[in-house]
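Chain by chain, the residues run as shown.
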Amino acid sequence: MLDPRGWRMTEQQEPKKAPRPKIPRQKMPEQSAIERAHNFYEVALGYTNDLALLEASRCLRCKKPYCMKGCPVEIDIPDFIEMIKQGDLIGASWKIKEKNSLPRIAGRVCPQETQCEATCVLNKKGKGEPCAIGRLERFVADWAAQHAADELPELPKPTGHKVAVVGSGPAGLTLAGGLIKKGIAVTVMEALHELGGVLVYGIPEFRLPKAIVKAEIDELRRLGVEFKTNWVVGRVETVDDLLEKHDCVFIGTGAGAPLFLRIPGENLNGVYSANEYLTRSNLMRAYMFPEADTPIAKGRRVVVFGGGNVAMDSARTALRLGAEEVTIVYRRTMAELPARAEETHHAEEEGIKFKLLTAPLEILGNEAGWIVGIRCQEMELGEPDESGRRRPVPVEGKLFDIECDTAIVAIGNAANPLVPSTTKNLETNKWGNIVADLETGKTSRDRIWAGGDIVTGAATVILAMGAGRKAANSVMQTFGVS
Amino acid sequence: MFEILEKARIGPGVHRAVISALEIARAHRPGQFVILRCYDQGERIPLTIADKDSEKGTITLVWQEVGVTTYHFGTMEVGERLQDLCGPLGKPTHIENFGTVVGVGGGIGIAPLYPITKGMMAAGNHVISIIGARTEGLLFMTEEMRKVSHELLISTDDGSYGIHGFVTQVLKDLIDKGTKVDMVVAIGPVPMMKAVANLTRGYNLPTVVSLNPIMVDGTGMCGACRVEVGGKTMFGCVDGPEFDGHLVDFDLLTKRLAMYKGPELIALNRFRETERGCKCSIPGGGA
Ligand SMILES: Cc1cc2nc3c(=O)[nH]c(=O)nc-3n(C[C@H](O)[C@H](O)[C@H](O)COP(=O)(O)OP(=O)(O)OC[C@H]3O[C@@H](n4cnc5c(N)ncnc54)[C@H](O)[C@@H]3O)c2cc1C
Ligand SMILES: Cc1cc2nc3c(=O)[nH]c(=O)nc-3n(C[C@H](O)[C@H](O)[C@H](O)COP(=O)(O)OP(=O)(O)OC[C@H]3O[C@@H](n4cnc5c(N)ncnc54)[C@H](O)[C@@H]3O)c2cc1C
Ligand code: SF4
Ligand code: SF4
Ligand code: FES
């Protein structure tokens, strides 16, 4: 039997010759939709031991594990799942950590359905029942954090090298973790008052509890990583200043600058960027207002523009803040929605409405400067564009209004220019992203590395971690440390 | 870090504090600001760096009580520490020898004007400062301003001190007298900056204003601080806070500043009832 890629499958992978009891993909327990729509606790509760064992038993331990090809950091998936089957959860945890130092986070936020689980053999013929690799990864990592949290790896003698890291998102944290374990001193500088990047200010508590991010950072701190918050590189000191006191600098500043729609009415009160909305709620705890001082407009009818994770997070946050009706307005159809499948599914369950094939033309306001609605254009799918997706085109004459009191723009983020513009001769591309080698993270400047969203544009947590990891290896190679 | 070293009440509801902040003091240029939080559930608010001592590693902040955070900060005492202090933020003022620079400061705007006039003077400009307030009791920093101005004109709306009238009138008289003015810097309440810009537009006088939109991060990440300048959306925190006064949409700014009126009042009332608030002064009350 031939796989579409032309690889011949092994005997073992041929289900007919290795008959197994048909165990269905195990669901992960979660809070009911009615309950969770009104609280900020984590939606998914994680596998129990029994569920994890059952799910692990579905894995065929393929000789040619296609799943690994789908994982950007190539975790040894069959091996760690095998260890679960054997009850060696600590071993499984170490196996995962060989490739991914923040598995509790990746297990929760990776778009598995387009990565490891997409290529799992159990998913072939589009049956959609791949092994739940992400859920198992999360299970193992949570278990390890509870049972073996205090075990720190033994650190080698300091090498004497010093590295400065700009930005404490997944890219910077992964690099810091990689280097400190080799005896290289690391200082991480973060502009905000909390560490973690998008993991703390963007992704909401109900999807990624802040305590998990904090625990991961505390571990790095215990390993000796130094952190400086409220430290805006480019303003307090430049990258060139940092190079005077460090052997090299890694830039992991993310894609933090919000894009707006550039339509009339965009600066009306009640119109937020997703970044602002989520930052107020997550980082500033506006959901606790007035126990916390930062306010947020608690809309009754909320419209969210966009179809990615950021849009889902904004919509579901609005619902939890007490909105009566939340509508996602997206230009294409459900099939093109770029958000993680699980998030879209959860959003639908919670009662978020989807207004598809719809593009906003104008935001309507009143005298006092507040939004009262949006004027929309009906769209249809035309010819495919450069990205291969069918391009939405307006249906002539089909205009309509949606009434609302809050709108959240979640159509993407661009690179924040602060660091590139204050670093001499650092090459950037036409979108303002730093140009860096994707295999090493090396930039156009000697002793400066970069990785994560600032290089690739808004992407994923695991790709940022992968970039941090590759850059760490490249830095070590330069230092002659192995 | 961020310890309050000196603190004084310099006017009704107006405080001045010197804070230990080594790196910020070293990196600061006139026109820049900080964002601070008083405690762990606090809001992030921007305040201009009114002065600094880079040798001692301190910065000076001057603020007016208007809502929960500025009141809270007002209750903090020498020896206490701010939870967070981030800066310097924003683009520094463009300072060079323009010739004659007129600084116009209204109310709390006098504090952010001070480092700019100081810088303009050091750059060799002839500096004329016009500062004003509603009434004499609300004037502050007059002696400091005198030191960084070749000429200082003071006005009060009610005539209780100095020239009787608005700062705009004083500026108009100055221009009409034939004083050669090359550049105007105006900082104060939005209506004042708007009036100055409208006046100088007629004379084609370059005018810089410093805007005070609501901010969250102050690094260009959230867009809360959106302002319209020449029909284009700009971020106050990274593209500003200073802009060409003739191009700013002041009415939009006024509306956006009112966005959280309701919640702010709830927060302030609640604050007054809590332990944090019990030390605080009567709003707008005496010294
Ligand atoms: C709401 C939201 C939901 C998402 N959901 C998912 C998901 O479910 N799954 C997924 O895989 N991906 C998701 N993503 C994308 C993912 O979070 C990012 O791709 C990833 O965080 C990028 O990591 P990074 O390390 O490059 O940068 P970031 O996480 O953006 O961190 C950069 C850090 O650098 C700091 N910084 C910036 N400039 C400076 C400076 N001048 N000085 C000092 N510090 C600075 C920033 O404050 C920030 O803390 C989501 C993104 C958002 C916004
Ligand atoms: C660049 C900049 C420099 C500033 N410098 C000074 C200064 O030197 N001295 C001074 O007294 N004030 C200054 N301000 C204004 C000061 O930030 C606000 O008065 C303060 O944030 C009010 O917070 P609050 O919690 O006390 O009041 P709130 O109850 O939150 O608000 C009262 C009013 O203050 C404004 N405001 C609220 N939140 C913010 C915010 N995060 N940012 C800006 N304005 C807000 C709104 O108009 C609001 O209606 C500056 C503002 C900016 C943007
Ligand atoms: S890191 Fe992400 S892609 Fe890789 S195995 Fe884990 S969930 Fe799958
Ligand atoms: S996860 Fe899927 S592809 Fe990977 S080894 Fe198991 S069955 Fe095979
Ligand atoms: S305050 Fe967030 S972008 Fe300016």
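Residues numbered from 1 in each chain as written. Chains lettered and ligands numbered in written order. Predicted model: local features only at pLDDT ≥ 70, side-chain atom pairs only at ≥ 80, totals over all residues. Heavy atoms only, no water.

Visitor: Account for the domain arrangement of chain B, naming residues and giving values.
Guide: One widely used convention gives an interface's size as the accessible area the parts lose upon coming together. All names here are of chain B. Split by domain assignment, chain B resolves into domain 1 (4–90 + 261–273) and domain 2 (100–257). The straight-line distance from the C-alpha centre of domain 1 to that of domain 2 is 21 Å. Counting residues at the interface gives 19 residues for domain 1 and 21 residues for domain 2. At the boundary of domain 1 and domain 2, one finds one salt bridge. The partner of Lys118 in a salt bridge is Asp51, and the shortest N-O contact between them spans 3.0 Å. On the surface where domain 1 and domain 2 come into contact, there are three residue pairs in polar contact (both at pLDDT 80 or more). When residues of the side of domain 1 that touches domain 2 are traced back to their parent elements, those giving at least two are strand 2 (14–20), strand 3 (33–37), strand 4 (45–53) and strand 5 (58–64). Tallying contributions element by element places strand 4 first for the side of domain 1 that touches domain 2, with five residues. (Domains from an automatic or database assignment. Contact = heavy atoms within 4.5 Å. Salt bridge = Lys/Arg side-chain N within 4 Å of Asp/Glu carboxyl O. Polar contact = N/O pair within 3.5 Å; in protein donor to acceptor, adjacent residues only side chain to side chain. Helix = DSSP H or I, 4+ residues; strand = E, 2+ residues; numbered from the N terminus.)

Visitor: Pulling in residues and values, what's your account of the domain arrangement of chain A?
Guide: Residue and element names in this part refer to chain A. You can read the domains of chain A as domain 1 (33–147), domain 2 (162–256 + 415–479) and domain 3 (259–413). On a C-alpha basis, the centres of domain 1 and domain 2 stand 26 Å from each other. Tallying the contact residues gives 20 residues for domain 1 and 22 residues for domain 2. If you sort the residues of domain 1 by the area they bury against domain 2, Leu102, Ile105 and Val109 come out on top, with a joint share of 30%. At the junction of domain 1 with domain 2, the criterion picks out three residue pairs in polar contact (both at pLDDT 80 or more). When residues of the side of domain 1 that touches domain 2 are assigned to their parent elements, the largest contribution, five residues, is made by helix 6 (residues 103–109). Partitioned by chemical class, the residues of the side of domain 1 that touches domain 2 number eleven nonpolar, three polar and six charged. (Buried area = accessible area lost by both parts, 1.4 Å probe. Nonpolar A, V, L, I, M, F, W, Y, C, P; charged D, E, K, R; others polar.)

Visitor: Give a detailed account of the sheet that holds strand 15 (residues 448–450) of chain A, specifying residues and quantitative values.
Guide: Residues and elements named next belong to chain A. Pairing is parallel in the open sheet, where five strands are placed in the order 3-2-1-4-15. The sheet is open, and its two borders are formed by strand 3 (226–228) and strand 15, each paired with just one other strand. Direction aside, neighbouring strands of the sheet carry axes that sit 20° apart on average. Pairing of strand 4 (residues 248–251) with strand 15, which is carried by three bridges, proceeds in the parallel orientation. By the bridge assignment, Phe250 is partnered in strand 15 with Trp449. (Pairing = 2+ DSSP bridges. Axes fitted to C-alpha atoms, helices over the stretch in contact; angles between N-to-C directions.)

Visitor: An account of the pairing of strand 7 (residues 100–106) of chain B is needed here, citing residue identities and associated values.
Guide: Residue and element names in this part refer to chain B. Within strand 7, seven of the seven residues are buried, which leaves the element mostly enclosed by the surrounding structure. Residues Thr100, Val102, Val104 and Gly106 of strand 7 are buried on one face, and the alternating residues Val101, Gly103 and Gly105, pointing to the opposite face, are buried as well. Of the pairings in the sheet, the one linking strand 7 to strand 8 (residues 126–133) comprises seven bridges and is parallel in character. Counterpart to Gly106 in the pairing with strand 8 is Gly132. Sheet analysis places strand 7 next to strand 11 (residues 183–187), joined by five bridges and oriented parallel. Directly across from Gly103, in strand 11, lies its bridge partner Val185. (Buried < 20%, exposed > 50% of the residue type's maximum accessible area, 1.4 Å probe, protein only.)

Visitor: I'd love a proper account of the interface of chain B and chain A, names of residues and values included.
Guide: Residue-level contacts link 43 residues of chain B with 42 residues of chain A. Contributions of two or more residues to the side of chain B that touches chain A are made by helix 1 (22–27), strand 6 (84–89), strand 13 (226–229), strand 14 (232–235), helix 7 (250–257) and helix 8 (261–273) of chain B. It is strand 6 of chain B that provides the largest number of residues to the side of chain B that touches chain A, a total of six residues. Here the side of chain B that touches chain A is composed, by residue class, of 21 nonpolar, nine polar and 13 charged.

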